[in-house]
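# Analysis of the macromolecular model
Residues per chain, in single letters:
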Amino acid sequence: AKTLAYTLDISIKTITSLEAFAVSSNIKENKLILISDLKGSYVGYFDKDNKLIDDYVYLKSSEVENYKKDKLIVNNNLLDLENIYKHLKNKESINPHYVNPIYIKGIDALNGK
């Protein structure tokens, strides 16, 4: 997307995977979105308007249970493209040069693992 936007000299809109799942949910209250892998979960906590409440985090499987307490968990693996499109229509466009990846989980190889 960055390359196409740059070459066409247009701005773009961004959305994270966790935000896309939050937007795809029809739940109109605070919600916890989890995307799990073998060692843990990528976590985003969103308000009723699908705005991120806290920073994205990666939690090991043993840490997830404590974090989930008193939070409504949405485990929906379906994306609602219509809801995502509506959500993106209300987001500001940005210059593709200012788009950077969000690294939630550290790289195991750099941490001696």
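This report concerns the structure included in the present document. Note that the coordinates shown come from a computational prediction; the quantities given were computed from them, not determined experimentally.

## Structural notes on the overall build of the protein chain
Looking only at helices and strands, the protein chain features four helices and four strands. Counting from the amino terminus, the protein chain carries its helices and strands in the arrangement α-α-β-β-β-α-β-α. Across its three principal directions, the C-alpha atoms of the protein chain cover 45 × 40 × 20 Å. Relative to its 113 residues, the protein chain shows a buried fraction of 30%. Sequence separation of at least 24 residues holds for 56% of the intrachain contacts in the protein chain that already meet a minimum separation of 6.

## Here's the deal with the nonpolar core
Listed in full, the seven residues of the largest apolar core are L18, F21, A22, I33, F46, Y56 and V74. In terms of residues, this core owes the most to one element, helix α2 (residues 17–24), which gives three residues. Counting six residues, the second-largest nonpolar core is a separate cluster that includes L34, V43, Y45 and L59.

Conventions we followed
Residues numbered from 1 in each chain as written. Predicted model: local features only at pLDDT ≥ 70, side-chain atom pairs only at ≥ 80, totals over all residues. Heavy atoms only, no water. Helix = DSSP H or I, 4+ residues; strand = E, 2+ residues; numbered from the N terminus. Buried < 20%, exposed > 50% of the residue type's maximum accessible area, 1.4 Å probe, protein only. Contact = heavy atoms within 4.5 Å. Core = buried A, V, L, I, M, F, W, Y, C linked by side-chain atoms within 4.5 Å.

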